[in-house]
Structure formats: C-alpha cells, structure tokens
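The chain contents come next:
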Amino acid sequence: MTAISREEVAHLARLSRLAVTEQELDMFAGQLDVILQSIARIGEVAAADIPPTSHSVPLVNVLREDVPAPCLPREKALAGAPDVAEERFRVPRILDEE
Amino acid sequence: MTTVAPPAYDDVTEEFEPVIGLETHVELGTRTKMFCGCPTEFGGEPNTHVCPVCLGLPGSLPVANKAAIEATIRIGLALNCSIASWCRFARKNYFYPDMPKNYQISQYDEPLCSDGWLDIEVDGEIVRIGIERVHLEEDTGKTLHIGGATGRIHGASESLVDYNRAGIPLVEIVTKPVPGTGARAPQIARAYVTELRDVIRSLGVSDVRMEQGSLRCDVNTSLNRPGDDWGTRTETKNVNSLRSVERAVRSEMIRQAGVLRSGGRIIQETRHFHEDTGETTSGRSKEEATDYRYFPEPDLAPLAPDAAWVAELKAALPELPRVHRQRLQTAWGLSDLDMQSVVNAGAVELIETTIAEGASPEAARKWWLGELSRKANETGVELAAIGASPRQVAELQKLVDGGKLTDKLARQVLEGVVAGEGDPAAVMQARGIEVVSDSGALAAAVDEAIAANPEIAEKIRGGNQGAAGVLIGAVMKATKGQADAKTVRELVLSKLS
Amino acid sequence: MIKKTAAELGALIASREVSSEEVTRAHLDRIAEVDGKVRAFLHVDEAGALAAARAVDERIKNGENLGPLAGVPIAVKDVLATEGVPTTAGSKILEGWKPPYDATLVQRLRAAGTVMLGKTNMDEFAMGSSTEYSAYGPTYNPWDLSRIPGGSGGGSAAALAAYEAPLSIGTDTGGSIRQPGAVTGTVGAKPTYGGTSRYGLIAFSSSLDTPGPCARTVEDTALLHAVIAGHDPRDSTSIDAPVPDVVAAARLGATGDLTGVKVGLVREFSGEGAEPGVMASFRETVDALAKLGAEVVEVSCPHFLYALPAYYLIAPSECSSNLARFDGVRFGLRAGDDGNHSLEEVMSLTREQGFGPEVKRRIIIGTYALSSGYYDAYYGQAQKVRTLITRDFTAAFEQVDVLVSPTTPFVAFELGSRTSDPYQMYLADLFTIPTNLYGGPAISVPSGLSEGLPVGFQIMAGTLRDDKMYRVAAAVESVVGTLTPPAL
C-alpha cells in the first residue's frame, strides 16, 4: 500500500480542477494517507468472486417515451449565469481543444 | 532541416501495410433529447431548447429515451451485433464548457451492441469490416469562439456556449481494426462510411448527413512493414465528407510513410484534416491519454432489453441497402458496371422512386444519369437536391411518351423545373413549349418551306432524300423548334414523292 | 403553539380553531427570537411562508379537505432546489443561487399544503457529521449551544429541537438525518433508497442520497413520510411501488404492543466504539422492547465493520463527479474572470474559492479512487463490500423484522473537537452507514439521556418495509416519551 505523494495530490487536483495551495497540498497528502490506509482494509474481504453492486435497488429499463416536455424559458435558463452575451453563456478563452 | 518530398503513394503501399479503423457518431432523429424531454429540432434561438437536466443544473437527473435505445439496438442488429442482455450507462468525466455536467453519460465497458460486421463492396469484391461496438451517449452543446482568426479556438479571447444541442442522442459505432486493405485502404474506408450511412438511413433513425453533422467520422490510421507488428496509430478528426474520408486516409498513409522512412517515429496523436489542402496537421497529443475515470452511472437504471423484443426488431429490419441494390439491379436488367454508375451518382433511390411514379427503368435512368447528373456536377449540388423531384421526372417522361414533347423539348422543360418554375405541365404552359400537334399548321409550314426552296424540292422529287434536311431545318426554325423533326421529315417526303 | 406536534396543529387548522397564518407567525416569531443563538436557518422566507399560509387558510375556508398536514410549517434542508428561493447546499459556490425550478419533494410539500418557513443549515454539500463544515458558520445544538447538532442536516434537526418548526426535511447519505436526530433528541427517518424522489436534490453521492422526514414525534414523521414518498418519473432510481403504510404502522406501535415482532441486535455494534452512556441507554431501550412483547435475538452482520471504509470510497467517488458541474460557467460563483485567466484557470480558481476543505478532500479522494489503475483496487472493491453488506442484511431480515443499534457512538460533541482529524469525524457514522450501502430504511428515535444529552436509538428494516421500523419506533416512543431540551 503505497503512500500518496504531494505530486500525486497535485495531479489529482489538476484532474478535478482544484487550484490547491501549497499548504493544502501538504495537508491533504497527510490526511489522505491516513484515510486510504484504513480503506485498504476492505481488501481483506472483497474477494474476486464477489460481484460489485452499483445500484442498491434492482431496477432495470427505466425509460421514458420520446415525447416533448416543456423547456425552461430562456430568461430562467440564463438567470443564474455569471456572464451572458448574445443569449449564450460567455466564458473566457479556452486552452484545451476537445 | 531540408524538407523531403513526400513519397509517392504507390511506393508507400509497396513498402508498408496500412491498418485502418473508423469511429462514427450518428445523431439520432428522435423527437426529444437523450435524457430529457427537450425538443431536438434545428434552428431554435440559442438556449431555448434547454431544461434543468440538459443544462446540468444542481439537482437535475437524467431519464433515458426509449426511442433512442430502440434505434441503437436496430443499428446494432443491422450490423450483425450481439445485443447485451444487461448493460449500464457510464460517466465519462472531463471538464469542458460544452459539457454541462463536466461528465458525459456514455457507455464504457458494457456497450449495448458489440461484435458485429458490415460487408461492403469495393471493385466488385466483398470486404467484411468488423464492428467492435455500438453504444449510446449524449451530445455536447455548441461553443462559438470569438476573437480568433478562423473562428477556431486558437487566438480566441472568449467563447459563447449554446446548450440547445446538449443532450441530443448520439450513437457511436467503432470498427475493429481493419488490416489487409493494402493500397485500397482509402477507398475501403470511404466505402465503409458510405455503406454505413446507407444502412442507417434505411432504418429511418437518422438523416445521416455528413455535411450537417448528423454523421461524423474519425479515422484511425497506422502503417507497418510486412511481417511487423501493427504500427502506432493516429486519429484524424474534422473529416466532413465521404471524399474527405478517402483523402484523409491516403494523406495520413503518405505522411506516416515519410516519417518512418526517414527513421522517425509516429506519435500517437489526434490530427486535424484540412479540406483545402487535403493534409492533416497535429492537434492534441494523445501520448498522455486523458483519465476519464469511468464508473457506472448511478442515476440511471441498467438496460436489459427483452429478448423477445429484440427478436421482433430483428425480424422487422428493412432489407440491407446492398441486398436492396442487388435486387434493383436485377429488376432493372443492368450490368454491374451500369449499376455502379447509378450508385456512384447517388441515384438509386431517386430512380426507384421515379419508377414508382410510373416511368420505365430506362427512362428514369436516362434522365437521372444524363441531364440531371450533368446539371448536378455543373452546379456542384447533390443529385437529390437538384430541384427536380422523381414525380416531376416521371411526369416529364409521360409527356414525351404521349407525344406532347420531343426529347429535345423535354430537356428545355426540365431546365424550367430545375429552376423552380414548377411542374413540367406548368413550365410548358408558361414557356409555351409544346410539340406542334396541329397537323394543319404543320402541313402549312411544310408547304411554305417547299415553296421557298423550289430547287431543293426538285432534288427531293428526283429521289435525293438527303436534301430534305434543309427543308426540315426551315420548318423547325419556323415552328421555333417545336415540331417533331421525324414527323416533319415524313410530311416533306410524302408531299414531294 | 410552537410546542405542539404537527398532527395537533394540522387538526386545529383543519377545524379552523386556529389559522395557518397564526401558526406560521408564531413560528416565524420563534425563529426571530432564538435563531440568533441556534443558527438553524440559512434563509427565512417570511413573505413566502405567510402567503402560502393565507392560501391554505382560504382553501380550507372554501371547504376543501386538504390532508393532515395542511397549513403546518416546515423547514427544508438547503440541499433541495426551491424555485426563486436561495439554495446554497451550505456552500459559498452557490451563494445567492436561486433555482429556476422546484425539487419534486418541494412540489409535493406545497401540494400537501405545508408552509415552508425557510432553508436550513447543513455541512457543505451534505459532507459532514456536525454542520461545522457549512460555509456559512455552524448551527448550535439547542440542548447545549457549545455543542454540535449533528450533520450534515444539523439545521433541520436543531430547528425541531428549538421549536422553530414542527416538521423538517433532511437528506441522508451516511446518517445525515439520523445522527442529527439522535444528538438533538428528535426523530429522523431515512426511507428506503428510491422511496423519496431525488429530483431537485443537489447530489452528493447519487447511489446513497435519500431525502427523508424529520419531526419531534414518530407519528409526525410518519405523516410527513406519507406526503413526500412515492414514485417520481423524473428520477430513474425512484421505486415504482406503493408507499408502505407508515402512518398505520406508527399508530400500531404507539399502542405499545410488540407481540410477534422479532428484533435483532447487531452483534458487531453492541459494545465497542460507543460511549458507555450511549450503550447504557441503548440496552435499557432494548430491554423495554422485550417488555413490550418483542422477541430480541442477537444477529451477526460481520461485514458491517467494513461499511465505513467502503462508504468513504464510494461516496467521495460519486461526489467527485457530481460536483464537477460547479465550475462557474452556468450558475453560482465565478472567480478570477479578470481577462488574465483562461477558462481552465477560472474554473480552478472558482472551485478553490468556492469549496471548503472537507469537500476538496473528498473530491481528491474520489478522483483518486476512480483513477485508471486504481478503480479496481478502490471503487471496484468498495462496491463488492456493498454486495456483502447487502447479503448480511438480507440474511438478517430472514430471521428478524428489524435490526437495532445505537444511532451514533457518541452524544453531541463540542464544537471544534473533531475538525482537526477527519477520521474522528467519520466515526460518527459508524452505525448509520451500513443501511445506506444496503438501501434499506432506518430511523432514529430518542432513547433517553446520557449526561444530560440526548441519545438516539436506531431501527433498521428491510427495503420497502419502512412500516416495520415505524412500528418499533413508535413503541420506543411510547416508553421513552419525547425529550424536552432546556429553555433557550
């Protein structure tokens, strides 16, 4: 069970878009370690032949008919937006191409 | 560094073997979005076809569209896939402003359909393309980049996001890698996308128009020397037409060969295809693959398509386009080459419908492959969008068959139809085009011509039938070309015999 | 007035002995009087509440028969979307956000004629066991203002204990309804997962989050449960089955007769880890149940001890994904947009500023647990533990009707005593978490006092057998009665 390094925490912070400070990096690295070590306990019982449960209630095929429903009026859709331009959500320049 | 000229394509295919793969996304033509009831129609004002769900507002939850699932299963069945008896949606996590939740609901290791194939015909030979998987996901919104030179991201100072298209159902179809295509790789890639498009269109689940974005294609290409392991592959995006599919594969094969020959190594990356130059340029590096942290979507119940229902869907599948075309070819009595011309012109359905409207196969083929194809090529428009409908073409041919129009006159009328002046009968009326059927008027015109050309008349009386051409010409001129030349000739000869 | 139960108030309003407006005003006055000290509320909607109250009074005057809770005031945990009324989930990143839509539960509360007084305080994004992680400051336990009211739904529970509202709505992911109920001496129920709609519930851990009813009595809790529960087509995880008759079960239990009921003591929760005073109160209550006719047996649920670590992998994983949408683009806080930062930087700055340390901690744990290379070892393994825990429960419920344990190992602790060590905080959920992983219902009902502070008794039942737990809870209440905190 490897310890979690500052670099790893920094990487995770980048992946989850959190601009953590230096102090936070140190604090988290220490705290995550303790938590993750206790979590390693579950390896004791989680054998290979046990199927995982992703949904506690065994529902399947919950579907809806292809019938239109009322939309939000545009003013409401844009109401909470930090910045709007030309009836769209305005954001500053994007670096990553997707 | 000196620039080495790229190798010739033939040299490339002599030295290397390509492996290709294609990933296509199909926008389904359902009435509502994948996970909410917002309408999917085009052309709405920005951010008017949205709701808490497709905006990803806190507290919103997805509910899956049954029609989208049915369409996906049908696509999978048409591609000979196995349909999962139980599968789940998964979250694909990454941050981007056109993805309201910053995760996309998709499928990961449990696709709805898998392990199928599609047979395509290239140069008379059947090539089987393996299908790895067909799965369902949601589309993103649209981002406008403002301030940059070309409207693309680079140099843009800000972006504007419209979520009308966020949540449209998208089917992703991924082929298995296709080795052994050799020099025909570009054609095979194109033929695959063409056939796939036709199959999906025949199911009625999508418009599949590449130029409108309801069919999108990414091409994967790698090269290896014979006997070696497969090479590193690159992914090429922005391939927006069938022709681009072919060009993109070809251009990437040449580029990779150039790199490999000079001892370099192929970087696993995403490349961008440019229509204008036919070349690809480097985009994102895929060396460090994004960690999408997939996990089963907890907000949606698993899908367990009922076996009996799937069997029903399978039984109700329409004829495969290839089989359909085979049947038509036989019905129309065409050679393989002739049928290929029809296919290449994009005229199969048009001719079929024209025949259904009453024309003969020969007549339908004549108009669509002749006059109308010519016009389409001239104006750079797709045959289906030329401006004349199959019904109008059938009507036109009926008028010719009934003697109301000569072939020549019919062409003039067709021009009017294509120009939007209306149906053939209306164009005839408006332009005053009609075969002169009044035998009296025709006889009078012939008499006039004979009277005006006594020497010619003498020659004809003397047995020189070839001289009749002059008189025929005169009559045609007098009737503004609306006489039937054959009839005129008969009249002339009978009057001078 | 404010000491009355919701059932009593509902009856008085229906019979027009008192108006909903009077009742509402009395509670608004109480809030004005004590909430400066308790800080249960993040937002009080005085105008909205009075308008709703008047509307109900009007309908009753016109002879409409509206249901047992019509006109009764209620407080709603600030994690449910209320259209036009600020909803923050206890976070700065949603400061001032007014949802453009109502949660399904909020719609149902309105339809039942309840009067929403306002939104209650909570640990940020429902992550915590003390409400100390609220970005707007903690809530204080009316029993002892130097102590925590529990979490994440401390506001909902404190509002009840302080008589600021007779009813409240909470949400329970790892114990966030039950544990606050226990440490404030009130009743808090977590229905079967899927029994109450999550549409409009700001998601923390999607496969665990369950909205539920809270009140000072079991009958009130059951009445509220009946109003909010039931299938919702807008929530794909919502169960399409009749709601168990919890009100009838509560009334049956109130007779104090538990003949024929089999009660299982979870062996693994019957000794270690809990404060002696808590255990003593627990055992007393178990004895009382036996005297009421219940058959008490010990049941082993060996995998329950793995529930805590499994939860602390599953919940953060789901939350790391659920919280990705808070990026400053469409709603909420946006930071750093000064022309010098790219969107990626603005997103990161927004989330750095807008999220508190506990939320960041869980996002990082969750991102880690889902990372490629780690999925199988962490998240994947945790889902297996879930299967094992479910098997324990299923096997147990073949032998017994309900399982019981203390709700939480310790009584209300002092503010600040567990915030420096997250793991110490997580222990508060030791007994409540297994039920969340299984998806079954559980309820906390007061069992007595330990050193002057309330102790909660937890009753767990099989999925969709919420009625069974209400019956036993009502029986406990018939022995223990309701607890009254010292005057504020």
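None of the values given here were measured: they were computed from a predicted structure.

Reading guide: rules and limits
- Residues numbered from 1 in each chain as written.
- Chains lettered and ligands numbered in written order.
- Predicted model: local features only at pLDDT ≥ 70, side-chain atom pairs only at ≥ 80, totals over all residues.
- Heavy atoms only, no water.
- Helix = DSSP H or I, 4+ residues; strand = E, 2+ residues; numbered from the N terminus.
- Rg over C-alpha atoms; globule rule 2.2 N^0.38 Å.
- Buried < 20%, exposed > 50% of the residue type's maximum accessible area, 1.4 Å probe, protein only.
- pLDDT = per-residue confidence, 0-100.
- Core = buried A, V, L, I, M, F, W, Y, C linked by side-chain atoms within 4.5 Å.
- Contact = heavy atoms within 4.5 Å.
- Salt bridge = Lys/Arg side-chain N within 4 Å of Asp/Glu carboxyl O.
- Axes fitted to C-alpha atoms, helices over the stretch in contact; angles between N-to-C directions.
- Parallel < 35°, antiparallel > 145°, perpendicular 65-115°, else oblique.
- Left-handed = near helix turned anticlockwise from the far one by under 90°.
- Nonpolar A, V, L, I, M, F, W, Y, C, P; charged D, E, K, R; others polar.
- Pairing = 2+ DSSP bridges.
- Arc of directions from axis to C-beta.
- Phe/Tyr/Trp six-rings, centres within 6.5 Å; stacked < 30°, edge-to-face > 60°.
- Lys NZ or Arg CZ within 6 Å of the ring centre and 35° of its normal.
- Buried area = accessible area lost by both parts, 1.4 Å probe.
- Polar contact = N/O pair within 3.5 Å; in protein donor to acceptor, adjacent residues only side chain to side chain.
- Right-handed = clockwise from strand over helix to strand, strands pointing away.
- Disulfide = S-S within 2.5 Å.

Novice: Explain the overall build of chain C to me, please; I cannot follow it from the model alone.
Specialist: Counting secondary structure elements, chain C contains 16 helices and 11 strands. Computed over C-alpha atoms, the radius of gyration of chain C comes to 21 Å, within 12% of the 23 Å expected from 2.2 N^0.38 for 488 residues, which places it in the range of a compact globule. Dimensions of chain C, computed from C-alpha atoms along their principal axes, come out at roughly 70 × 55 × 45 Å. Across the 488 residues of chain C, 70% fall into the buried class.

Novice: What's the story with the confidence of the model for chain C in this structure? I'm lost.
Specialist: Segments scoring low in pLDDT should not have their predicted coordinates read at a detailed level. On average, chain C scores 95 in pLDDT, and the residues at 70 or more come to 100%. Quick note on the complex model: pTM equals 0.89, ipTM equals 0.95.

Novice: What should I look at first to understand the nonpolar core in this one?
Specialist: A general trend in soluble globular proteins is that nonpolar side chains are found buried together. Counting residues in hydrophobic clusters, the biggest one holds 174 residues, and the most contacted among them are C:F125, C:L403, C:I459 and C:Y470. If we skip the residues at most four places from it in the chain, C:Y470 touches C:A189, C:P213, C:V218, C:T221, C:A222, C:H225, C:V246, C:A249, C:A250 and C:I443. B:F16, B:A191, B:Y192 and B:V245 belong to the second largest nonpolar core, which has 68 residues in total.

Novice: Sorry if this is basic, but what is going on with the pattern of salt bridges here?
Specialist: It is possible for side chains bearing opposite charge to pair when their charged atoms get close. All names here are of chain B. Enumeration according to the criterion identifies 64 salt bridges over all chains in this entry. For D115, the salt bridge identified is with K176, shortest N-O distance 2.4 Å. A residue pair is termed long-range when its members are at least 10 positions apart, and D115 in strand 6 (residues 113-122) and K176 in the loop between strand 10 (169-175) and helix 3 (185-203) qualify at 61 residues. Residue D115 is classed as partly exposed on the basis of its relative accessible area, which comes to 45%. On the basis of relative accessible area, K176 is assigned to the partly exposed category, the value being 26%. Taking the shortest distance from any N to any O, the salt bridge between R365 and D338 comes out at 3.7 Å. One end of the pair, R365, is in helix 9 (residues 361-379); the other, D338, is in helix 7 (residues 336-344), and 27 residues separate them in sequence. We classify R365 as partly exposed; its relative accessible area is 24%. Of the residues examined, D338 reaches a relative accessible area of 31% and is grouped as partly exposed.

Novice: In this structure, what is going on with the packing of helix 6 (residues 321-332) of chain B against helix 7 of chain B? I would like to understand it.
Specialist: For any two helices packed against each other, the geometry comes down to the angle between their axes and how far apart the axes lie. Residue and element names in this part refer to chain B. Two numbers describe how helix 6 lies on helix 7: the axes approach to 10 Å, and their chain directions differ by 120°. With respect to their mutual orientation, helix 6 and helix 7 come out oblique. Our pair here, helix 6 against helix 7, has a crossing hand that is right-handed. Mapping the contact onto sequence places R325, L328, Q329 and W332 in helix 6 and D336, M339, V342 and V343 in helix 7. Considering only residue class, the contact of helix 6 with helix 7 consists of five nonpolar, one polar and two charged.

Novice: Help me understand the environment of B:A445, please; the structure alone is not making it clear to me.
Specialist: Residue position: B:A445 is located in helix 13 (residues 439-452). Separated by 30 residues in the primary sequence, B:A445 and B:V475 place their C-alpha atoms 6.0 Å from one another.

Novice: Help me understand the sheet that holds strand 15 (residues 295-296) of chain B, please; the structure alone is not making it clear to me.
Specialist: Neighbouring strands of a sheet are bound in pairs by backbone hydrogen bonds; such pairs are parallel or else antiparallel. The three strands are arranged 5-4-15 (chain B) in an open sheet whose pairing can be described as antiparallel. Every other strand in the sheet has two partners, leaving strand 5 (103-106) and strand 15 of chain B as the edge strands with one partner each.

Novice: Got a minute to help me understand unusual backbone geometry in this structure?
Specialist: Cis geometry marks the peptide bond from C:G151 to C:S152; its omega dihedral reads 10°. Mapped onto the secondary structure, C:S152 falls in the loop between strand 3 (115-120) and helix 5 (154-161). The phi dihedral of A:R17 falls on the positive side, at around 50°, and the residue is not glycine. Even without glycine at this site, C:R16 takes up a positive phi of about 65°. With respect to the element layout, C:R16 can be found in the loop between helix 1 (6-14) and helix 2 (20-38).

Novice: Explanation requested: helix 15 (residues 468-478) of chain B in the structure shown.
Specialist: Helical geometry: 3.6 residues make up each α-helical turn, so side chains three or four residues apart lie on a common side. Residue and element names in this part refer to chain B. Taken as a whole, helix 15 has its buried residues at A468, L471, I472, V475 and M476. Viewed end-on, helix 15 has its buried residues packed into an arc of 140°, placing them on one side of the element. Exposed side chains of helix 15 directed beyond 90 degrees from the buried face belong to K477 and A478. On its buried face, helix 15 is in contact with helix 13, helix 14 (454-461) and helix 16 (485-495).

Novice: Quick question: what am I supposed to make of the packing of aromatic side chains here?
Specialist: What characterises a pair of aromatic rings is the spacing of the ring centres plus the angle enclosed by the ring planes. Applying the stated criterion to the full structure yields 24 aromatic pairs over all chains. Judged by centre distance (3.9 Å) and plane angle (10°), the rings of B:Y108 and B:Y294 are stacked. With B:Y108 in the loop between strand 5 and strand 6 and B:Y294 in the loop between strand 14 (280-285) and strand 15, the pair connects residues that are 186 residues apart, well separated along the chain. One aromatic cluster in this structure is built from C:F269, C:F304, C:F393, C:F397, C:F431 and C:Y438. Looking at B:R250, its charged tip hangs above the ring of B:Y9, at a distance of 4.2 Å from the centre.

Novice: What am I meant to see in the interface of chain C and chain A here?
Specialist: Many analyses report the size of an interface as the accessible area lost when the parts associate. With 63 residues of chain C at the interface, the matching set in chain A holds 51 residues. Regarding the contact of chain C and chain A, the summed buried area is about 5000 Å², with carbon and sulfur atoms giving 66% of it. Linking chain C with chain A are three salt bridges, by the criterion used here. Across the pair C:K360 and A:E24 runs a salt bridge whose closest N-O atoms are separated by 2.6 Å. Applying the counting criterion to the chain C and chain A interface returns 14 residue pairs in polar contact (both at pLDDT 80 or more). Secondary structure elements with two or more residues in the side of chain C that touches chain A: helix 10 (307-322), helix 11 (343-354), helix 12 (357-370), helix 13 (376-399), helix 14 (422-426) and helix 15 (433-438) of chain C. Examining the composition of the side of chain C that touches chain A, we find that 11 residues originate from one element, helix 13 of chain C, more than from any other. Of the residues contributing to the side of chain C that touches chain A, the split by class is 31 nonpolar, 20 polar and 12 charged.

Novice: Looking at this model, I keep getting lost on the interface of chain A and chain B. Mind explaining?
Specialist: Facing 35 residues of chain A, the contacting portion of chain B comprises 59 residues. Contact between chain A and chain B buries roughly 4000 Å² in total, counting both sides, with carbon and sulfur atoms accounting for 59%. The interface formed by chain A and chain B holds two salt bridges in total. Here A:R90 makes a salt bridge to B:E158, at a shortest N to O gap of 2.6 Å. Taken together, chain A and chain B are joined by 23 residue pairs in polar contact (both at pLDDT 80 or more). Contributions of two or more residues to the side of chain A that touches chain B are made by strand 1 (63-64), helix 3 (74-79) and strand 3 (88-92) of chain A. Looking at the side of chain A that touches chain B element by element, the count peaks at five residues for strand 3 of chain A.

Novice: Would you mind going over the sheet that holds strand 11 (residues 453-461) of chain C with me for this structure?
Specialist: Residues and elements named next belong to chain C. Spatially, 11 strands are ordered 1-3-2-4-6-5-10-11-9-7-8 in an open sheet, and the strand pairing comes out mixed. Whereas interior strands pair on both sides, the edge strands pair on one side only; in this sheet they are strand 1 (41-44) and strand 8 (295-299). On average, each strand axis in the sheet is inclined to that of its neighbour by 30°, with strand direction left out of account. As paired strands, strand 7 (residues 262-266) and strand 8 are joined by five bridges and run parallel to one another. Directly across from V266, in strand 8, lies its bridge partner V299. Seen against the sheet, helix 5 touches strand 1, strand 2 (73-77), strand 3, strand 4 (167-172) and strand 6 (210-215) and runs at an angle of roughly 155° to strand 4.

Novice: Explain the pairing of strand 12 (residues 234-239) of chain B here, please?
Specialist: Both faces of the sheet carry side chains from a regular strand, because those side chains alternate between them. All names here are of chain B. Of the strand pairs in this sheet, strand 11 (residues 215-224) and strand 12 are connected by four bridges, and their pairing is antiparallel. Pairing of V219 across the sheet is with T236, part of strand 12. Crossover handedness for the path strand 12 to helix 4 (residues 242-261) to strand 13 (residues 269-273): left-handed.

Novice: I would appreciate a short explanation of the state of the cysteines in the present structure.
Specialist: Evaluated as defined, the whole model comprises zero disulfides over all chains. Unpaired in terms of disulfides, B:C81 finds its nearest cysteine sulfur in B:C113, a separation of 5.6 Å.

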